[in-house]
Amino acid sequence: MHKYIIKRLLYSLIIFFFVMLIIYVLLRCLPTSYLETVARQMSQRPGSKTYQEWLAQLEAQYGMDKGYLLGYLEWLKNFFTGNHGDSWFYTVPVIEKFHDTVWLSFVMGLIVLIFEIIIAIPLGIVAATKQYSFTDYTVTVVALAGISLPTFFFASLLKLVFSVKLGWFDLFGLVGRNYEQLSAWGQFLDKAHHLVLPIVTLVVLSIGSLMRYTRTNMLEVMNADYIRTARAKGLDEHTVIYKHAFRNTLIPLVTILGGSLPGLFSGALITETLYAIPGIGYTAYHAMVGGDIPFSMFYLAFIAILTLLGNLIADLLYAAVDPRVRLA
Amino acid sequence: MNDKKQNDLLDKNQKDQSELRDKQAAAAPEQSGQYALDDERRVKVLSPGAMVAKRFFRNRIAVVGLAILTAMFLFSFVGGILSPYDEAQLFYTQTLQKKEYAGAVKNDDMRFLAAEGQDFGSIIQAQVVLALTTNKDMVSYKGVDYYVTEEGKDFYSVALKDGTVIGIAYKDVVTSSVEGQKLDFEFVFNALKAYTNGEHRFQMSTVGAAYTIDEGGVVEAGGQEIAFISRYVINPIAPDIFLSRDFREELAIALEAGESSFVFKDADGVESEYFIEYKPDVKNWVVRQETYTRTYDRYASPSKEHWLGTDKNGMDMMTRLMYGGRVSLVIGFIVELIALVIGVILGGLAGYFGDWVDFLIMRIVDIFYCIPSTPIIIILGAAMDAMGVDPQIRMLYLMLILGFLGWPSMARLVRGQILGLREQEFMVATESSGLRVSRRIFKHLVPNVIPQLIVSCTMGIGGTILTEATLSFLGLGVKFPFASWGNIINDVNNTFVLQNYWFIWIPAGILILLTVLAFNLVGDGLRDAFDPKMKR
C-alpha cells in the first residue's frame, strides 16, 4: 500500500513536471502578456525609450529574459520553495491574493457539493428502482437538461427572474452597497445572500451528472445475482434496495465523490465570473485575460495538482472501500 | 404504467405471430417439399444495424432528441438559405430625433451702422453708448461734436453739427429677406424709424417707393417682402441650413411669447415641431428641430419583417440565429472529428502494440488529461484578442485547439476496448492470414469500437457546442461579424438588454439548450441501442 502510494506520488510528480512545462512554454510564447502591454504603454509616453528597450528592461526585472527551459526550471524551483512571486495584475504577492480568494471558492464548492449529494443521489436511486417509469424518464431528462444547460444562459435567466423582476438579489458582486455599515452578523448574512444565486446555478448544473452516475451504478447493482437472492429470500423491497443494493452502489459513489474533493478548491471559473464573486476562479480569470503570468502559472499549477490529487484519492478510496480491489 | 401495457401488448403480438408462423411451417412441407427454402420457412433475422435502429426507435426520448436535432439542422442550414436576409445585413429605421437647428439671441447691445461715405468709428460708437447711458445728447471727440437724437424706441441717430447723419445706433435688427442682398443705410434708417415709432408705413424720398411694416416686423413694398425687423438675432446652427424669413418670424413670435415649442411648415410643406430651450449661462436660445433620421434599427421588437427583432447592430435576429447555428454545429462536428482522428490513431496504436508504445502514449494522455483545458482556452482566446487575429482564422484556431484538447478521452476509450478485443480469436485469425498491421488495427479492431465511438462523439459534440458557446459568450470564441449562438447571447452582459430585450438572448439560449440536450438524448439512446445486454 505504502509502496503504491509512493509510486503514484512520484508518477504524479513527473506528470506535473510535463504539464507545467507545456503550460509555461505556452504562456511565454504568447506575445500578449502584461509585460508587453505595460511596455507598449510606457513606450508611447512622450520622449520614452522604444518598445523593445522597455520590454527588455521589464523582462530582466521580472526574470523573464532567460530561455524557456532555464526559466521553467527556475519557476519550478521557486514554486516548490514557496516563492511564488508577485502578481503583475493585482500587484500583490500571488500567495496573498490566493489566500484572499480561495476560501470563498471552497465554501461555495462545499455547499454545492452537499446540496448535490442531497438532491442527486436519492433521485438517482428512485430513477433506477423504477426503471422506464415516468419518474425515470423525468429524472433522466431533467438530469440531461442540467448537463446541457449553458451556465451563462441559466445564470442570466436567474438574474432576470430573481434580480430584475423580483428584486430579491443583486445582479453582481459578493457584498451589497451598505456592507461597511453592517454588523459582523449582518455582513455574514449579506455575503450569504449574495451567494444564493451562484450556488443555485452550480447545484442545478452539477446534479445531472451525479444523478445519472448514481442511476447507472444502481441499475448495474440491481441486476446482480445477490439482489435476486435477497428478493428470493423474501426480503421486503425497502431492505433490498437500501440495505443490499444501495450499499454496493456506494462503492463507485464514494470513489467519485472522494476524487472530487480537491476540486472544491479550484473554484467555478465561469459562474464566479458571471456573478462577479471574487473567488479564485474570478480572480484567475482576470489574471489570465490580463496576461498575468505569475498568477496564471500558480493557478494552473494549483489546478493541475488538484486534478492529480483527485485521481490519487479516487484510486486509493476505491481500494479502501471495495475489499475486492487489491492495489499493486 | 402505459409503457408496461404496451410491452405486454407487443409481446402478445409477437407470440401470435410466431404461433402463426409455426402453423404455416407445419403446413408448408406438404405443399412445397420438405427442404425448400422459401420466404415462409426462412428464419427472419434482422441485421445488427437494423436491430440497433429498432431498439433506438423504441426509445421515445431518443427519438425526440433526433427530431430536435433534425429540426436544428434544417433551421440552421436550410433556414439560412430560405431567410430573405444575409448574415450581416444591416437594417435601418427612421427615428424622430431632435437635432439642433438654429440659435437665437436677444439683442440687448447697441448695434451701429455707418451712413454711406461717413466715418463712424468705434471710438465714437463707444462715446455714443456712454452718452446714452448718462442721458447726454452730445459727445465730442477730437474737437468734433456729435449730436445724438432719439429717433424712436432704442433707436438713435448720430449727426454732425450741420445735420449730416453719420450713423445710427439701434437694437432691433433689420435682416434682408432676399438672400445675399445688402440693405442700404437709408432703407434701414427709414424702416427702423417707422418700426420703432409703431408706424406701419414709410416712404423713401430717394427711391420714391412706399413700404409697409406689419406687427411682426416684415417690411414689404408692393406686396414684395424686402426685409424683416426683429429684436432677436437668429442664426442657423450649421452652414447648410437656410432659415427662411417665415421661420425667423415664427420663431421671433414664439420667443416673444416665451413658448417652448412651435410647429412650422417650411416652403416644401413639411411640417415639423421645433423646440426652444433657453440657456441662461450664455443667454441664448437653442432651437431643435424634430426630424426623422436614418439610424441602425437597433433592438427592434419582433415584427412581421423581423420575427425575433434585431440585435444591437441592427441585424435580423432570426437570420443571425440560423447562421449562428451553422457555426455552432459545424464547430461541434469538426472539433469532434479532429479529436476522433487523433484519438483513434493513438488509441489504436497504444491498444494494439501495448508495451512501451502503450506506456508512452498513455503517459501523453495522462499529461493532456491533467492540463486544465478551460483556463488554457481562455488564455489563448485572450491572446488572440490582443493579437487581433482575423475572425475567420480565429474560428479555425478555435476548432484546432478544442479538438487537440479533446483527443485524450477518445484515445483512452479506443485503447481500453482494443486491449480486450485484441486477444480474441478473430484477431488471431487476421494474424495468421498475414494481414498488415495497419489493416488489422483499423479494419478489424477499430470497427468493433465504433459503437462506443459514435456514442462518445454524439455526446462530445454537445459538450463542444457548450464549450464554444461559453467561450463566445465570454467574448473569447467566435467573433463578430460571424454569428454563433454564444456570441449572440453575449449581449446580455449589458444589464439593460437583460432587463428589456428578452428576444436578444432567450431564443439563442433555448437553441443551445435544446441542441445540446438533443445530442445527449440521442447519444444516450444510441448507447442503450448498441448494448445487446439491454433488455429493451
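Keep in mind the model is a prediction, meaning the values are calculated, not measured.

This next bit is on the sheet that holds strand β10 (residues 218–221) of chain B. Residues and elements named next belong to chain B. Spatial strand order, β7-β11-β10-β9-β8: 5 strands in an open sheet with antiparallel pairing. Because the sheet does not close on itself, it has two edges, and the strands there are β7 (173–176) and β8 (201–203). Direction aside, neighbouring strands of the sheet carry axes that sit 25° apart on average. Against the sheet, helix α5 (residues 185–196) engages β7, β8, β9 (210–213), β10 and β11 (224–230), with an angle of about 150° to β8. Contacts from helix α6 (residues 245–257) reach β10 and β11 within the one sheet, and its direction differs from that of β11 by about 30°.

For the rest of this paragraph, the subject is empty space enclosed by the protein. Residues and elements named next belong to chain A. Counted by the stated rule, this structure contains 1 cavity of 30 Å³ or more. Here the largest cavity is characterised by a volume of approximately 60 Å³. In terms of residue count, the dominant contributor to the lining of the largest cavity is helix α8 (residues 184–222) (4 residues). Of the residues contributing to the lining of the largest cavity, the split by class is 7 nonpolar, 3 polar and 1 charged.

Residue and element names in this part refer to chain A. The topology assignment puts histidine 194 in helix α8. Side-chain polar atoms of histidine 194 contact the backbone oxygen of leucine 174, separated by 3.3 Å. With near-sequence residues (within four places) excluded, histidine 194 lies in contact with Asp170, Phe172, Gly173, Leu174, Val175, Gly176 and Ile277.

How large an interface is tends to be reported as the accessible area lost when its parts come together. On domain assignment, one finds that chain B holds domain 1 (53–91 + 306–530) and domain 2 (102–295). Look at where the C-alpha atoms of domain 1 of chain B and domain 2 of chain B centre, and you get two points 77 Å apart.

Take the interface of chain B and chain A next. On the side of chain A, 46 residues touch chain B, which itself brings 45 residues to the contact. Note on chain B versus chain A: buried area summed over both sides is about 4,000 Å², and carbon and sulfur give 81% of it. Broken down residue by residue, the surface that chain B buries against chain A is led by Ile367, Cys370 and Ile379 of chain B, which jointly contribute 14%. Counting the contacts that link chain B with chain A gives 1 salt bridge. Ionic pairing is found between aspartate 524 of chain B and arginine 212 of chain A, a salt bridge with its closest N-O pair at 2.4 Å. At the junction of chain B and chain A, the tally comes to 5 residue pairs in polar contact (both at pLDDT 80 or more). Counting residues per element, the ones that place at least two in the side of chain B that touches chain A are α8 (355–370), α9 (373–387), α12 (437–473), α14 (495–500) and α15 (502–530) of chain B. The biggest single contributor to the side of chain B that touches chain A is α15 of chain B, with 12 residues. For the side of chain B that touches chain A, a count of residues per class yields 32 nonpolar, 6 polar and 7 charged.

Our next topic: a nonpolar patch on the surface. All names here are of chain A. A surface patch of nonpolar side chains, amounting to about 490 Å² of accessible area, comprises Leu110, Ile114, Phe115, Ile118, Ile119 and Leu123. Positionally, leucine 110 belongs in helix α5 (residues 94–129). We classify leucine 110 as partly exposed; its relative accessible area is 34%.

Attention now moves to the sheet that holds strand β4 (residues 144–152) of chain B. All names here are of chain B. An order of β2-β6-β5-β4-β3 is seen for the 5 strands of this open sheet, with the pairing classed as antiparallel. Two strands lie at the open edges of the sheet, namely β2 (111–114) and β3 (138–141), each paired on one side alone. Strand-to-strand twist across the sheet, computed as the mean angle between neighbouring axes with direction ignored, equals 25°. Note that β4 and strand β5 (residues 155–159) share 5 bridges and pair antiparallel.

Bringing the packing of helix α3 (residues 60–82) of chain B against α15 of chain B into the picture now. Residues and elements named next belong to chain B. Relative orientation of the contacting elements α3 and α15 amounts to 135°, with a least axis distance of 8 Å. As far as their axial angle goes, α15 and α3 are oblique. Every pair of crossing elements has a handedness; the one defined by α3 and α15 is left-handed. Mapping the contact onto sequence places Ile61, Ala62, Gly65, Leu66, Ile68, Leu69, Met72 and Phe75 in α3 and Leu511, Leu514, Thr515, Ala518, Phe519, Leu521, Val522 and Gly525 in α15.

Further remarks concern the pairing of β5 of chain B. Residues and elements named next belong to chain B. With 5 of 5 residues buried, β5 lies mostly within the body of the structure. Side-chain alternation along β5 places Phe155, Ser157 and Ala159 on one buried face and Tyr156 and Val158 on a second face that is also buried. Hairpin remark: β4 followed by β5, antiparallel, with 2 residues in the connecting loop; positive phi at aspartate 154, about 55°. Here β5 runs beside strand β6 (residues 165–170); their pairing, made up of 5 bridges, is antiparallel. Looking at the pairing, valine 158 lines up with glycine 167 of β6.

Turning next to the nonpolar core. Soluble, globular proteins show a tendency: their nonpolar side chains are buried together. Counting residues in hydrophobic clusters, the biggest one holds 159 residues, and the most contacted among them are Val19, Met20, Trp75 and Tyr299 of chain A together with Leu321, Ile489 and Trp505 of chain B. When sequence neighbours within four positions are dropped, the list of residues in contact with leucine 321 of chain B reads Phe75, Leu308, Trp485, Ile488, Pro507, Ala508 and Leu511 of chain B. Core analysis: the second largest hydrophobic core is formed by 22 residues, Met362, Ala411, Ile418 and Cys457 of chain B among them.

As a further point, take the packing of aromatic side chains. Residues and elements named next belong to chain B. In this structure the tally under the stated criterion is 36 aromatic pairs over all chains. With a centroid separation of 5.8 Å and 90° between ring planes, the pair formed by tryptophan 502 and phenylalanine 503 is classed as edge-to-face. By relative accessible area, which is 46% here, tryptophan 502 ends up partly exposed. Residue classification places phenylalanine 503 among the buried positions, given a relative accessible area of 2%.

Phi at threonine 91 of chain A takes a positive value of approximately 50°, unusual for a residue other than glycine. Along the polypeptide, threonine 91 of chain A turns up in the loop between α4 (68–80) and α5.

Now for α5 of chain A. Note that an α-helix has 3.6 residues per turn; residues three or four places apart therefore point the same way. With 36 residues, α5 of chain A should cover 52 Å at 1.5 Å per step; its first-to-last C-alpha distance of 50 Å lies within 8% of that length. The largest bend in α5 of chain A amounts to roughly 30° and is located at threonine 101 of chain A.

Residues and elements named next belong to chain B. What the rule picks out here adds up to 14 salt bridges over all chains. Linking arginine 412 and aspartate 366 is a salt bridge whose minimum nitrogen-to-oxygen distance equals 2.7 Å. One end of the pair, arginine 412, is in helix α10 (residues 391–421); the other, aspartate 366, is in helix α8, and 46 residues separate them in sequence. Given the relative accessible area of 33%, arginine 412 is considered partly exposed. The class for aspartate 366 is buried, based on a relative accessible area of 14%. Measuring nitrogen to oxygen at the nearest pair gives 2.9 Å for the salt bridge that ties aspartate 385 to lysine 479.

Cut-off values and rules
- Residues numbered from 1 in each chain as written.
- Chains lettered and ligands numbered in written order.
- Predicted model: local features only at pLDDT ≥ 70, side-chain atom pairs only at ≥ 80, totals over all residues.
- Heavy atoms only, no water.
- Pairing = 2+ DSSP bridges.
- Helix = DSSP H or I, 4+ residues; strand = E, 2+ residues; numbered from the N terminus.
- Axes fitted to C-alpha atoms, helices over the stretch in contact; angles between N-to-C directions.
- Contact = heavy atoms within 4.5 Å.
- 1 Å grid on protein atoms, 1.4 Å probe; cavity = no way out; pocket = protein on both sides within 12 Å on 5 of 7 lines; lining within 4 Å.
- Points joined across faces, edges and corners; volume = space filled by probe spheres on them.
- Nonpolar A, V, L, I, M, F, W, Y, C, P; charged D, E, K, R; others polar.
- Polar contact = N/O pair within 3.5 Å; in protein donor to acceptor, adjacent residues only side chain to side chain.
- Domains from an automatic or database assignment.
- Buried area = accessible area lost by both parts, 1.4 Å probe.
- Salt bridge = Lys/Arg side-chain N within 4 Å of Asp/Glu carboxyl O.
- Patch = residues over 30% accessible without salt bridge, like charges linked within 9 Å, V, L, I, M, F, W, Y side chains within 5 Å.
- Areas by Shrake-Rupley, 256 points an atom, 1.4 Å probe, with all protein chains shown as cover.
- Buried < 20%, exposed > 50% of the residue type's maximum accessible area, 1.4 Å probe, protein only.
- Parallel < 35°, antiparallel > 145°, perpendicular 65-115°, else oblique.
- Left-handed = near helix turned anticlockwise from the far one by under 90°.
- Core = buried A, V, L, I, M, F, W, Y, C linked by side-chain atoms within 4.5 Å.
- Phe/Tyr/Trp six-rings, centres within 6.5 Å; stacked < 30°, edge-to-face > 60°.
- Expected span 1.5 Å × (residues − 1).
- Bend = angle between axes of the 7 residues up to and from the residue.

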